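If you want the building blocks of each chain, they are given just below.
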Amino acid sequence: MSEATKTGHGNRPQRQPKRPKLPRTAMPCQPAERRATNFEEVTTGYDDEMAVIEASRCLLCKKPKCVDGCPVGIDIPAFVRLIEVGDPAGAIVKLKETTSFPAVCGRVCPQEEQCEALCVLGNKQEPVAIGRLERYASDWETAHGASVRPRTAPKQGKSVGVVGSGPAGLTCAGELAKMGYDVTIYEALHKPGGVLVYGIPEFRLPQAIVARECEYVESLGVQIKTDYVIGRTLTVDQMLADCHDAIFLANGAGLPSFMDIPGENLNGVYSANEFLTRSNLMKAYRFPEYDTPIAVGRRVAVIGGGNVAMDSARTALRLGAEVHLIYRRTRDEMPARSEEIDHALEEGIVFDLLSNPTQIIGDADGWVNAIEVIDMELGEPDASGRRRPVPLEGSERRIPVDVVIVSVGTNANPLLTRNTTGLDLTNRGNIIADEHTLATSKEGVFAGGDIVTGAATVILAMGAGKTGARSIDRFLQGRPLLTDQEEEAIAAAP
Amino acid sequence: MYKILGRVDYSADVFMQVIEAPAVAAACQPGQFIILMIHQEGERIPLTIADYDRESGTITIVVQAVGTSTRHLQTLGKGDSISNFIGPLGMPSEIENVGTVVCAGGGVGMAPIYPIARALKEAGNKVIAIMAARNESLLFWEDKMREVSDELIVTTDNGSRGRKSLVTEPLKELCETGDVNLVYAIGPGVMMKFCARTTEPYGIKTFVSLNSIMVDGTGMCGGCRVSVGGETRFVCVDGPEFDGHQVDFDLLMSRQRQYRSQEKESLDTYLSKAAVTKVALANSAASNAAACSAAAVAAHV
Ligand SMILES: Cc1cc2nc3c(=O)[nH]c(=O)nc-3n(C[C@H](O)[C@H](O)[C@H](O)COP(=O)(O)OP(=O)(O)OC[C@H]3O[C@@H](n4cnc5c(N)ncnc54)[C@H](O)[C@@H]3O)c2cc1C
Ligand code: SF4
Ligand code: FES
């Protein structure tokens, strides 16, 4: 390990903002007109020089605000400093102290709402490009194969079953394996990775990266059993009775919502989950080389304003369609990462804002041929603080389209929970787990990720995986799930 | 990988396979289905479970070769493997003693109706089975069905075996007797639609098993959705069995045709690539319905 790696939080040199103000280093991308026709990654990543320059913008704050914004508390100035001094290997070690999959987080975290939102540089100029630097360090590791194999503890002789191989399940399994437990992940689909393989497209997160993270977890001794639908192939009760001492449920929020408007079952109407699963997991974008078909459409309407809607719209565009994104509020209220919104606009997605679908119209053969929308205006703020859209009576109009992709959110999938005894659920079907320990109402069963929180983010799911692993370890050692200090800290928190 | 332990061809297009899948065999119940993938570039295709053996850890499927995947599967037999086999999926049939039950199987639907009929019989019901096919060469499992039913009616469209009629004729006559308490109808969409229409005036509860297009089979994509009693339901998690009097069959059949042009393109690509299928098709043409007796199946496996 280099000198700089050892530089901890305490003795880090703090820099005064006296040097010439450098602008934020732009991210190199494929030109919009080219990337709109391929599935290769949109952004190509910083080179060494760009990374060092960007890292040098960081003030190395003594009380770094950015860290408060990071859901898992990465020591941001420390890893940024290591990049600045030309030690990406040290940076990756620093990152992996807190996050399991920096190559994924660097690409998909909503940094502009988290670490970068709080970076002090952001007050006067643009914040440090923390996400891009995280990605740089992880890409460096991939290219140089310098992955540090963490030491694993001696075998504990106890076994844990993890349901789901998304970020929450993978993280929890990896952590427990490092502690010396025998861990088996059960995954319903034929490929591990969760939303990272079936949802997020290649052009944003190459599948090779996810495959590498899964292989890494396997290299720690975790067994991944695909084709196992828990609740059907095996139940949680059977797992506890026959093969495992504790269980972590990380089965995600995979049940698509529809809008309940006329015409939603017409041919050519997809949930975003189906459209993206066909394209990403089943590789329908390479049909007929791959066997799964997809309706490409000449004109596609995507309904929604989140990451999932952006991913669907940009996938449809790459398959050759003209794409309309229909959203009932304005761009400012869109929950998607701002980079994705910019990229979508650059690529030529048409935004139909302040519009809400009222019905989908079909032809004689049962295929979509138009969508009817009504104009909206923003009224008073609602509970979420966003201004509530209200329809403008009589403003209905039709947009001719042959494919509609509905991306208005997901709910908890009841398949597993329905077939498990003694598990308390919220009235929306999410598993109730203790905020601090992730313990459920069922002895020995812990839960985290989207199945508990509802659709959230990759980094929160990873954080839950870590917390779950810590609690399961304590549970299996017969210790209290929270230490006295933790209890006190929780009690003291406002 | 999942090993294929044997294949028996029932006609040029219909074949049976026994596949080693102990976890699925240990858990499955009548009425459930599986999803398989032949290889990693393949599609996920749902197939209803036709039989299972918990001891030997095997699942039996009966398949009609129509598109790329099923044509490809038809070329595989003993010694071959497929990459994925997921299940059991869907809700099991509700098996109760209700009195007299008619089990009508049409086409390849004759296979999945078999374990349901067997379970109904074991539960103490009087089981009347109707097996319906276009012609004699498309019939299979007559012996197996006879073993689990109190009465067996065979119909063919052209009268080459059994009664020359559609499945709905004997079904209607049975309804007329007033002794039927429950009907199961499994087969192509039109067959189930008309079975449900036949029983409706008599107010006899009729279950059908819907075969919509699927991807994951776990409720994640919504591609399998149908309309039942005016409500959208997911066949893979809420079904596959529904009250036939509530199902919108026209929507089901329309959605089944969704990828027709792509399916043709895919099959053309596959056939031009795979000279092997010629051999397979020649082989299967040589098979006959007699080969499907229980003994022949056992010998083959
Ligand atoms: C298209 C899309 C784009 C997104 N973009 C972003 C983004 O840019 N940034 C961001 O931070 N977040 C993004 N998200 C959200 C993020 O991906 C999720 O919050 C995160 O993946 C949740 O992780 P998880 O481990 O809880 O669940 P998941 O990733 O959903 O994994 C759950 C796994 O469990 C499996 N499973 C389910 N039921 C069973 C069962 N019964 N038995 C066995 N296995 C089962 C599933 O097949 C799945 O593999 C996006 C989501 C989608 C859909
Ligand atoms: S807040 Fe900004 S400037 Fe300060 S340490 Fe974090 S990234 Fe660097
Ligand atoms: S097949 Fe995807 S939800 Fe039923």
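Treat the numbers as computed from the prediction; the structure is a model and nothing was measured.

1. As for the overall build of chain A
Part 1: A count of helices and strands for chain A gives 20 helices and 16 strands.
Part 2: Computed over the C-alpha atoms, the radius of gyration of chain A is 23 Å, within 12% of the 23 Å expected from 2.2 N^0.38 for a compact globule of 494 residues.
Part 3: Each of the three principal axes of chain A carries a C-alpha extent, and together these read 65 × 65 × 50 Å.
Part 4: When contacts within chain A are restricted to residue pairs at least 6 apart in sequence, those whose partners lie at least 24 apart make up 69%.
Part 5: For chain A, the distance from the average site of its 53 positive side-chain charges to the average site of its 66 negative ones is 5 Å.

2. Concerning the overall build of chain B
Part 1: Looking only at helices and strands, one finds eleven helices and 17 strands in chain B.
Part 2: For 301 residues, the compact-globule estimate of 2.2 N^0.38 gives 19 Å, and the C-alpha radius of gyration of chain B, at 18 Å, lies within 12% of that figure.
Part 3: If one aligns the C-alpha atoms of chain B with their principal axes, the spans along those axes are about 55 × 40 × 40 Å.
Part 4: Across the 301 residues in chain B, those meeting the buried criterion constitute 59%.

3. Observations concerning the interface of chain B and chain A
How large an interface is tends to be reported as the accessible area lost when its parts come together.
Part 1: The partner chain A presents 41 residues to the 47 residues of chain B that form the contact.
Part 2: Summed over both partners, the interface of chain B with chain A buries about 3,600 Å², with 52% contributed by carbon and sulfur atoms.
Part 3: The largest contributions to the chain B side of the interface with chain A come from Met220, Arg225 and Tyr259 of chain B, which together make up 19% of the buried area.
Part 4: In this assembly, chain B and chain A are joined by one salt bridge.
Part 5: Run the count over chain B and chain A and you get 22 residue pairs in polar contact (both at pLDDT 80 or more).

4. So, the confidence of the model for chain B
All names here are of chain B.
Part 1: Averaged over chain B, the pLDDT score is 87; the fraction of residues at 70 or greater is 91%.
Part 2: The weakest mean pLDDT in chain B belongs to helix H11 (residues 294–300) at 37; the strongest belongs to strand S14 (residues 206–209) at 96.
Part 3: For the stretch residues 284–301, pLDDT sits under 50, and the model shows 32 contacts to residues farther than four places along the chain or on other chains.
Part 4: In the predicted assembly, ipTM is 0.87 and pTM is 0.90.

5. Some remarks on the sheet that holds strand S13 (residues 182–186) of chain B
Sheet strands pair via backbone hydrogen bonds, and the direction of the pair is either parallel or antiparallel.
All names here are of chain B.
Part 1: Pairing is mixed across the open sheet formed by seven strands, whose spatial order is S12-S11-S10-S9-S13-S14-S17. The sheet is open, and its two edges are formed by strand S12 (163–164) and strand S17 (241–243), each paired on a single side.
Part 2: In this sheet, S13 lies alongside strand S9 (residues 100–106) in parallel orientation, the contact comprising five bridges. Bridge pairing in S13 links Ala104 to Ala185.
Part 3: With respect to the sheet, helix H6 (residues 189–199) is in contact with S9, S13 and S14, its orientation differing from that of S13 by roughly 165°.

6. Some remarks on the pattern of salt bridges
Residue and element names in this part refer to chain A.
Part 1: Scanning all chains against the criterion turns up 47 salt bridges over all chains.
Part 2: One salt bridge in this structure joins Arg337 and Glu340, with 2.5 Å as the shortest N-O distance.
Part 3: Judged by relative accessible area, Glu340 falls into the buried class, the value being 2%.
Part 4: Here the salt bridges share partners, and the residues they tie into one network are Arg35, Arg204, Asp311, Arg314, Arg318, Arg337, Glu339, Glu340, Glu346 and Glu347.

7. Topic: the site of ligand 2
Part 1: With respect to spatial proximity, the complete set of residues near ligand 2 consists of Cys58, Leu59, Cys61, Pro64, Cys66, Pro77, Cys119, Val120, Val128 and Ile130 of chain A.
Part 2: Along the lines of polarity and charge, the residues of the shell around ligand 2 split into ten nonpolar, no polar and no charged.

8. Remarks on the site of ligand 1
Residues and elements named next belong to chain A.
Part 1: Taken together, 35 residues form the shell around ligand 1, and within it Val108, Glu187, Arg204, Ile230 and Asp450 come nearest.
Part 2: Arg204 is positioned with one of its side-chain polar atoms (N or O) 2.9 Å from an oxygen atom of ligand 1.
Part 3: Here Ala456 contributes a backbone N or O atom positioned 3.2 Å from an oxygen atom of ligand 1.
Part 4: Of all the secondary structure elements, the ones that give two or more residues to the shell around ligand 1 are helix H10 (167–178), helix H15 (307–318) and helix H19 (458–476).
Part 5: If one sorts the elements of the shell around ligand 1 by residue count, H15 sits on top with three residues.

9. With respect to helix H8 (residues 249–256) of chain B
Residues and elements named next belong to chain B.
Part 1: For H8, the tally of buried residues reaches six of eight residues, placing the bulk of the element in the interior.
Part 2: All of the buried residues in H8 are Phe249, Leu251, Leu252, Met253, Ser254 and Arg255.
Part 3: The inward-facing, buried residues of H8 contact H6, S14 and strand S15 (225–228).
Part 4: Two or three places before Asp250, at the start of H8, stands the capping residue Asp248, its side-chain oxygen 3.3 Å from that residue's backbone nitrogen.

10. Observations regarding the packing of aromatic side chains
Residues and elements named next belong to chain A.
Part 1: Inspection of the entire model under this criterion finds eleven aromatic pairs over all chains.
Part 2: The interplanar angle of 65° and the centroid separation of 5.4 Å between the aromatic rings of Tyr186 and Tyr228 together place this pair among those described as edge-to-face. Of this pair, Tyr186 sits in strand S2 (residues 182–186) while Tyr228 sits in the loop between strand S3 (223–225) and helix H13 (236–243), and the two are 42 residues apart along the sequence. Each member of the pair, Tyr186 as well as Tyr228, carries the same accessibility label: buried.

11. Here we look at the nonpolar core
Residues and elements named next belong to chain A.
Part 1: Ranked by size, the top nonpolar core spans 52 residues in total, and within it Val104, Leu176, Val183, Leu205, Val222, Phe248 and Ile472 carry the most contacts.
Part 2: Sorting the residues of this core by element identifies helix H7 (102–108), strand S1 (159–163), H10, S2, helix H11 (195–198), helix H12 (207–219), strand S4 (246–249) and H19 as the ones contributing at least two each.
Part 3: In terms of residue count, H19 provides more of this core than any other element does, eight residues in total.

12. Concerning the sheet that holds strand S2 (residues 14–20) of chain B
Residues and elements named next belong to chain B.
Part 1: One open sheet accounts for five strands, arranged S5-S6-S2-S1-S7; its pairing is antiparallel. Both edges of this open sheet fall to strand S5 (51–53) and strand S7 (81–82), since each of them pairs with a single strand only.
Part 2: Looking at chain direction, strand S1 (residues 2–9) and S7 are connected through two bridges and run antiparallel. By the bridge assignment, Lys3 is partnered in S7 with Ser81.

13. Focus: the pairing of S4 of chain A
For a regular strand, the rule is simple: side chains alternate between the two faces of the sheet.
Residue and element names in this part refer to chain A.
Part 1: Residues of S4 alternate between two faces, with Ala246 and Phe248 on one and Ile247 and Leu249 on the opposite face, all of them buried.
Part 2: Across four bridges, the pairing between S1 and S4 is parallel. Bridged to Gly161 within S4 is Ile247.
Part 3: Here S4 runs beside strand S16 (residues 445–447); their pairing, made up of three bridges, is parallel. Within the sheet, the bridge partner assigned to Leu249 lies in S16 and is Ala447.

14. Overview of the packing of H6 of chain B against H8 of chain B
Any two packed helices are characterised by the angle at which their axes cross and by the distance between the axes.
Residues and elements named next belong to chain B.
Part 1: Packing of H6 against H8 leaves a shortest axis separation of 10 Å and a crossing angle of 180°. In terms of orientation, H6 lies roughly antiparallel with respect to H8. Contacts from Gly189, Val190, Met192, Lys193 and Ala196 in H6 reach Phe249, Asp250 and Met253 in H8.
Part 2: Grouping the amino acids of the contact of H6 with H8 by side-chain chemistry returns five nonpolar, one polar and two charged.

15. Comments concerning the side chain of Arg278 of chain A
Part 1: The topology assignment puts Arg278 of chain A in helix H14 (residues 272–281).
Part 2: The class for Arg278 of chain A is buried, based on a relative accessible area of 2%.
Part 3: In contact with Arg278 of chain A, other than residues within four places in its own chain, are Tyr270, Lys283, Ala284, Thr292, Pro293 and Ile294 of chain A together with Ile213, Val215 and Tyr259 of chain B.

16. Quick word on the environment of Asp53 of chain B
All names here are of chain B.
Part 1: One can find Asp53 in strand S5.
Part 2: Judged by relative accessible area, which is 34%, Asp53 ranks as partly exposed.
Part 3: Beyond its immediate stretch of four places on either side in the chain, Asp53 contacts Ala25 and Thr58.
Part 4: A distance of 3.0 Å separates a polar side-chain atom of Asp53 from the backbone nitrogen of Glu55.

What counts and what doesn't
- Residues numbered from 1 in each chain as written.
- Chains lettered and ligands numbered in written order.
- Predicted model: local features only at pLDDT ≥ 70, side-chain atom pairs only at ≥ 80, totals over all residues.
- Heavy atoms only, no water.
- Helix = DSSP H or I, 4+ residues; strand = E, 2+ residues; numbered from the N terminus.
- Rg over C-alpha atoms; globule rule 2.2 N^0.38 Å.
- Contact = heavy atoms within 4.5 Å.
- Lys, Arg positive; Asp, Glu negative; His and termini not counted.
- Charge placed at Lys NZ, Arg CZ, Asp CG, Glu CD.
- Buried < 20%, exposed > 50% of the residue type's maximum accessible area, 1.4 Å probe, protein only.
- Buried area = accessible area lost by both parts, 1.4 Å probe.
- Salt bridge = Lys/Arg side-chain N within 4 Å of Asp/Glu carboxyl O.
- Polar contact = N/O pair within 3.5 Å; in protein donor to acceptor, adjacent residues only side chain to side chain.
- pLDDT = per-residue confidence, 0-100.
- Pairing = 2+ DSSP bridges.
- Axes fitted to C-alpha atoms, helices over the stretch in contact; angles between N-to-C directions.
- Near = heavy atom within 4 Å.
- Nonpolar A, V, L, I, M, F, W, Y, C, P; charged D, E, K, R; others polar.
- Phe/Tyr/Trp six-rings, centres within 6.5 Å; stacked < 30°, edge-to-face > 60°.
- Core = buried A, V, L, I, M, F, W, Y, C linked by side-chain atoms within 4.5 Å.
- Parallel < 35°, antiparallel > 145°, perpendicular 65-115°, else oblique.

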